[in-house]
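This is what each chain is made of:
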Amino acid sequence: MSFSFLGKKPRIMNHYFSNNPLYTDFSISNKDYGVSSKSTVCRETEKLDSYLLAQYDRQIEYFKSRVGKDRSFSTLKKHQIVRQHLADFIFRTYGVEDIEFSELTEDFIKEFCLYLTRDCRLRTSTAWIYQIPLKHLASRAFSQGVISRNPFTMFHLSPEVRDRSFLTEGELKNLMDLPLKNKMLDKVRDLFVFSCFTGLSFADLKTMTKKALTEHNGCQWIISRRKKTGKPFQIKILEPAHHILEKYGRNKSPNTPVFGRISHNYLNIKIKQLMAMCGINKLISFHCARHTFATMALNNGMSLESVGQILGHSSIRTTQIYAKITIAKLDKDFSVLDNNISDIFW
């Protein structure tokens, strides 16, 4: 795990990670909150609590009130886990239940991140995610004058960048051709393949209804917003996905989820079974179908911008993570180069 202190000029930043879907939840605005001026919950004009955990508790309470509306339960759980880690670290280090914002220093942040990786045995990438809400709290405290300087201005934690698992086109074809007699395994395969050809995440797939379907130039499209980020996306339904959609959506009402009730854990267990049956020795989860779509699309000439829009990414940087340079893609590019220069050199 690497830490660095960056020699940047201090700046008032009230929107750290404004494009991060996990931690833009506490951007302060009465309009976003949908609360009256009499509300006691985290208003723009309201003074921040001078204690770190007390302020985080207030924001978590607000977040809890929005779950099921424009916030997800899984993200709430992440914030609650971060809060628990913070409380444990503060008590173990200082012997108190909370600290004032003035005690939030670079050393505190560094020691907290070390505590997460060393004592809690979390990955560096997880520690990186868990320090983001702390960064957001510090940013607000600085912008509202609770602290005289932002301790994160000169602090940086580099996350681990792990390769994203995906299926090659050959592996995907083998999975599609695999003969199956078990109906549940067949459905799990259908859902995985549908995601491979649409890029839909599990959260978006399990809630998709016929209301999200529309026609354009004689082709069927899915037009909706991502559950995770609220970003709009448009997906043209390719032939393999169209067959699956017809299979499960034929007798469904417009407001009923097309694929019915689905357990994420069950899907992942059965996907591992399918991979073993296909002889695919990779750690593949349902989310890898999304990686497969992105990689397949990019390798076949689709632009990063288009892939990012289809996947509903907030930033092109997120899409770039999926940009796999495979042997098949290199072979195709070398063939183009060969054809272009062969008449000149040989």
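See the structure shown above.
Bear in mind the structure is a predicted one, so any value in this text is a computation, not a measurement.

1. Quick notes on the overall build of the protein chain
Of regular secondary structure, the protein chain possesses 14 helices and five strands. Looking at the 346 residues of the protein chain, the share that counts as buried comes to 41%. Taking the contacts inside the protein chain whose residues are at least 6 apart along the sequence as the reference set, 67% of them involve residues at least 24 apart. Accessible surface, the protein chain: about 19,000 Å² in total, of which carbon and sulfur atoms supply 52%.

2. Focus on the packing of aromatic side chains
In total, this model carries eight aromatic pairs according to the counting rule given. Arranged with centres 6.1 Å apart and planes meeting at 20°, the rings of Y94 and F108 form a pair that is stacked. Taken together, the residues Y94 in helix α3 (residues 73-94) and F108 in helix α4 (residues 106-119) connect sequence positions 14 residues apart. Between F202 and F286, the aromatic rings sit 6.0 Å apart at their centres with planes inclined by 80°, giving edge-to-face as the arrangement. Highlighted residues: F202 in helix α8 (residues 202-206) and F286 in the loop between α10 (264-278) and α11 (288-299), separated in sequence by 84 residues. A relative accessible area of 11% means that F202 is categorised as buried. Classification of F286 as buried rests on a relative accessible area of 1%. Through a chain of ring-to-ring contacts, three or more aromatic side chains come together here, namely F89, Y94, F108, F112 and Y115. Of note, K282 hangs over the ring of F166, and the distance from its end group to the ring centre comes to 5.3 Å.

3. Details of the sheet that holds strand β5 (residues 232-236)
The strand order β3-β4-β5 describes an open sheet built from three strands, whose pairing is antiparallel. Here the strands that pair on one side only, and so sit at the sheet edges, are β3 (213-216) and β5. Pairwise comparison of adjacent strand axes, ignoring direction, gives a mean angle of 30° for this sheet. Both strand β4 (residues 219-225) and β5 contribute to a ladder of five bridges, which runs antiparallel. Bridged to I222 within β5 is I235.

4. Concerning the nonpolar core
One recurring pattern in soluble globular proteins is that nonpolar side chains are buried together. F192, F194, M208, I222 and F259 are the most contacted members of the largest nonpolar core, which has 47 residues in total. At the level of elements, α6 (169-177), α7 (183-198), α8, β5, α9 (239-249), α10, α11 and α12 (304-311) are the ones that each hand at least two residues to this core. Here this core gets eight residues from one element, more than from any other, and that element is α7. Apart from the residues lying within four places of it in its own chain, the contact partners of F194 are L200, L205, M208, I222, A241, I244, L245 and F259.

5. Some words on the state of the cysteines
Tallying each qualifying case throughout the model produces zero disulfides. For the unlinked cysteine C196, the closest cysteine sulfur is that of C288, found at 9.2 Å. Under the relative-accessibility criterion, C196 is labelled buried at 0%. The class of C288 is buried, set by a relative accessible area of 4%.

6. With respect to helix α2 (residues 52-66)
Compared with the 21 Å implied by 1.5 Å per residue over 15 residues, the 22 Å span of α2 between its first and last C-alpha is a close match. Inspection of α2 places L52, L53, Q55, Y56, Q59, I60, Y62, F63 and R66 among the buried residues, and these make up the whole buried set. Phi for G68, located one or two positions after α2, is positive at around 90°.

7. Describing the pairing of β5
Side-chain alternation along β5 places F233 and I235 on a buried face and P232, Q234 and K236 on a face that remains uncovered. What sits between the antiparallel neighbours β4 and β5 is a turn of six residues, in which G230 has the positive phi angle 80°.

8. Quick notes on the pattern of salt bridges
Enumeration according to the criterion identifies eleven salt bridges in this entry. Taking the shortest distance from any N to any O, the salt bridge between R149 and E106 comes out at 2.8 Å. Of the two residues, R149 is situated in the loop between α5 (124-143) and β2 (156-157) and E106 in helix α4; the sequence distance between them amounts to 43 residues. Judged by its relative accessible area of 14%, E106 is buried. The residue K247 makes a salt bridge to D190 at a minimum N-O spacing of 2.7 Å.

Criteria and cut-off values
- Residues numbered from 1 in each chain as written.
- Predicted model: local features only at pLDDT ≥ 70, side-chain atom pairs only at ≥ 80, totals over all residues.
- Heavy atoms only, no water.
- Helix = DSSP H or I, 4+ residues; strand = E, 2+ residues; numbered from the N terminus.
- Buried < 20%, exposed > 50% of the residue type's maximum accessible area, 1.4 Å probe, protein only.
- Contact = heavy atoms within 4.5 Å.
- Areas by Shrake-Rupley, 256 points an atom, 1.4 Å probe, with all protein chains shown as cover.
- Phe/Tyr/Trp six-rings, centres within 6.5 Å; stacked < 30°, edge-to-face > 60°.
- Lys NZ or Arg CZ within 6 Å of the ring centre and 35° of its normal.
- Pairing = 2+ DSSP bridges.
- Axes fitted to C-alpha atoms, helices over the stretch in contact; angles between N-to-C directions.
- Core = buried A, V, L, I, M, F, W, Y, C linked by side-chain atoms within 4.5 Å.
- Disulfide = S-S within 2.5 Å.
- Expected span 1.5 Å × (residues − 1).
- Salt bridge = Lys/Arg side-chain N within 4 Å of Asp/Glu carboxyl O.

Functional significance is not addressed by these values, which are geometric in nature.
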